[in-house]
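As a plain string of letters, each chain reads:
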Amino acid sequence: ILEPSAVVSEVYRNFSIGLHDGGNVTGRLLRDDFRQSLLYVSTNPFAPTETTKVPKDRVKQMKESSVSPMPPALLSGLKKEEVVALLQWLLAGPK
């Protein structure tokens, strides 16, 4: 939470996909479908089930991002009590 990009879990890593036509698709790689030669990319963190299909033959390069999609300074807008409540909720785990 304090340094989101210090360690980014594999499931949350974004990729920057450069296309032969000069375009770029950035997002989380959901699926690499070798049967259809497609990459399924989630480009909107607020709608993670919406995907962009990228044909592999359009891909020029693919680079993994070391930057977390979680914004830095996330806690700076919270009061001390709110931070404590958030940490308690996170430590409690799923119910």
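Everything numeric in this text was worked out from a predicted model, so none of it was measured.

Caption draft 1: Broad picture of the nonpolar core. By size, the foremost hydrophobic cluster in this structure holds 8 residues: F15, I17, L19, V25, L39, V41, V54 and V59. Of all the elements in the fold, those that place two or more residues in this core are strand 1 (14-19) and strand 3 (38-42). Broken down by element, this core gets its largest block of residues, 3 residues, from strand 1. Setting aside residues no more than four positions away along its own chain, V25 makes contact with F15, S16, I17, L19, V41, T43 and V54.

Caption draft 2: Main features of the sheet that holds strand 5 (residues 59-64). Within the open sheet, the 5 strands sit side by side as 4-3-2-1-5. Their pairing is antiparallel. Lying at the two open borders of the sheet, with one neighbouring strand each, are strand 4 (52-55) and strand 5. On average, each strand axis in the sheet is inclined to that of its neighbour by 45 degrees, with strand direction left out of account. As paired strands, strand 1 and strand 5 are joined by 5 bridges and run antiparallel to one another. Following the sheet pairing, G18 is matched in strand 5 by Q61.

What counts, and where the lines are drawn
Residues numbered from 1 in each chain as written. Predicted model: local features only at pLDDT ≥ 70, side-chain atom pairs only at ≥ 80, totals over all residues. Heavy atoms only, no water. Core = buried A, V, L, I, M, F, W, Y, C linked by side-chain atoms within 4.5 Å. Buried < 20%, exposed > 50% of the residue type's maximum accessible area, 1.4 Å probe, protein only. Helix = DSSP H or I, 4+ residues; strand = E, 2+ residues; numbered from the N terminus. Contact = heavy atoms within 4.5 Å. Pairing = 2+ DSSP bridges. Axes fitted to C-alpha atoms, helices over the stretch in contact; angles between N-to-C directions.

Everything listed is a geometric property; what it means functionally is a separate question.
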